[in-house]
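A look at the structure
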Amino acid sequence: MQESEIKRYLIRRLKQANAFWSYDVGSIKDVPDDILVELVIMHLDLDDIDKLFIIYPYQFVKNAWIQNVVPLGDRYYVLNKFIAWWYFHVKKPGAYVKSMETRILNKRMAA
């Protein structure tokens, strides 16, 4: 599959998962890359998350996850711990997620 085919596939899967619940699904043609990473991590399964690493560099996926999903806090804590351990091989995922969450939120408060 080419990059554009994978993106279309992921957007189609997100529509099926009702990830765009607040939008007219028919109007969604493209999604910004960082938002696509966020939504795939939050709404789809491991096979779909694996596809992110085919179309984006490792560091891009990691940064999008840290910026967009980690700051969501306790609601996604278990998911974020798993993502940190499974995909990014973090030795202490719980501590890592909490420190990244605090760092991102502090940067946002300072801005």
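Structure's up top.
Residues numbered from 1 in each chain as written. Predicted model: local features only at pLDDT ≥ 70, side-chain atom pairs only at ≥ 80, totals over all residues. Heavy atoms only, no water.

1. So, helix H4 (residues 58-68)
For H4, the full list of buried residues reads Val-61, Lys-62, Ala-64, Trp-65, Ile-66 and Asn-68. Residues of H4 that are buried in the fold lie against helix H2 (33-43), helix H3 (46-55), helix H5 (77-86) and helix H6 (93-110). (Buried < 20%, exposed > 50% of the residue type's maximum accessible area, 1.4 Å probe, protein only. Helix = DSSP H or I, 4+ residues; strand = E, 2+ residues; numbered from the N terminus. Contact = heavy atoms within 4.5 Å.)

2. Overview of unusual backbone geometry
If you check the backbone angles, Asn-18 has positive phi at about 60 degrees while not being a glycine. Within the secondary structure, Asn-18 is located in the loop between helix H1 (3-16) and H2. Residue Asn-18 is classed as partly exposed on the basis of its relative accessible area of 48%. Residue His-89 is not a glycine yet carries a positive backbone phi of 55 degrees. By secondary structure assignment, the location of His-89 is in the loop between H5 and H6.

3. Quick look at the packing of H2 against H3
Where H2 meets H3, the axes come as close as 8 Å, and the angle between the chain directions of the two elements is 155 degrees. For the element pair H2 / H3, the angle class is roughly antiparallel. Relative to H3, H2 is oriented so that their crossing is left-handed. Contacts between H2 and H3 involve Val-37, Val-40 and Ile-41 from the first element and Asp-48, Ile-49 and Leu-52 from the second. Residues that form the contact of H2 with H3 fall into these classes: five nonpolar, no polar and one charged. (Axes fitted to C-alpha atoms, helices over the stretch in contact; angles between N-to-C directions. Parallel < 35°, antiparallel > 145°, perpendicular 65-115°, else oblique. Left-handed = near helix turned anticlockwise from the far one by under 90°. Nonpolar A, V, L, I, M, F, W, Y, C, P; charged D, E, K, R; others polar.)

4. Brief notes about H1
For H1, built from 14 residues, the straight-helix expectation of 20 Å at 1.5 Å per residue is met to within 8% by its first-to-last C-alpha distance of 20 Å. The set of residues buried in H1 consists of Ile-6, Lys-7, Leu-10, Ile-11 and Leu-14. All buried residues of H1 lie within an arc of 135 degrees about the axis, which places them on one face of the element. Elements in contact with the buried residues of H1: H2 and H3. (Expected span 1.5 Å × (residues − 1). Arc of directions from axis to C-beta.)

5. Points about the pattern of salt bridges
Evaluated as defined, the whole model comprises six salt bridges. Here Lys-7 ties to Glu-3 by a salt bridge, and the two come within 3.5 Å at their closest N and O atoms. Pair noted here: Lys-7 and Glu-3 are both in helix H1, with a separation of four residues, about one helical turn. The class for Glu-3 is partly exposed, based on a relative accessible area of 43%. (Salt bridge = Lys/Arg side-chain N within 4 Å of Asp/Glu carboxyl O.)

6. Here's the deal with the nonpolar core
Counting residues in hydrophobic clusters, the biggest one holds 35 residues, and the most contacted among them are Leu-10, Leu-14, Leu-36, Val-40, Ile-41, Leu-52 and Trp-65. Elements represented by at least two residues in this core include exactly H1, H2, H3, H4, H5 and H6. In terms of residues, this core owes the most to one element, H2, which gives six residues. Apart from the residues lying within four places of it in its own chain, the contact partners of Val-40 are Leu-10, Leu-14, Asp-48, Ile-49 and Leu-52. (Core = buried A, V, L, I, M, F, W, Y, C linked by side-chain atoms within 4.5 Å.)

Just geometry here; none of it tells us what the structure is for.
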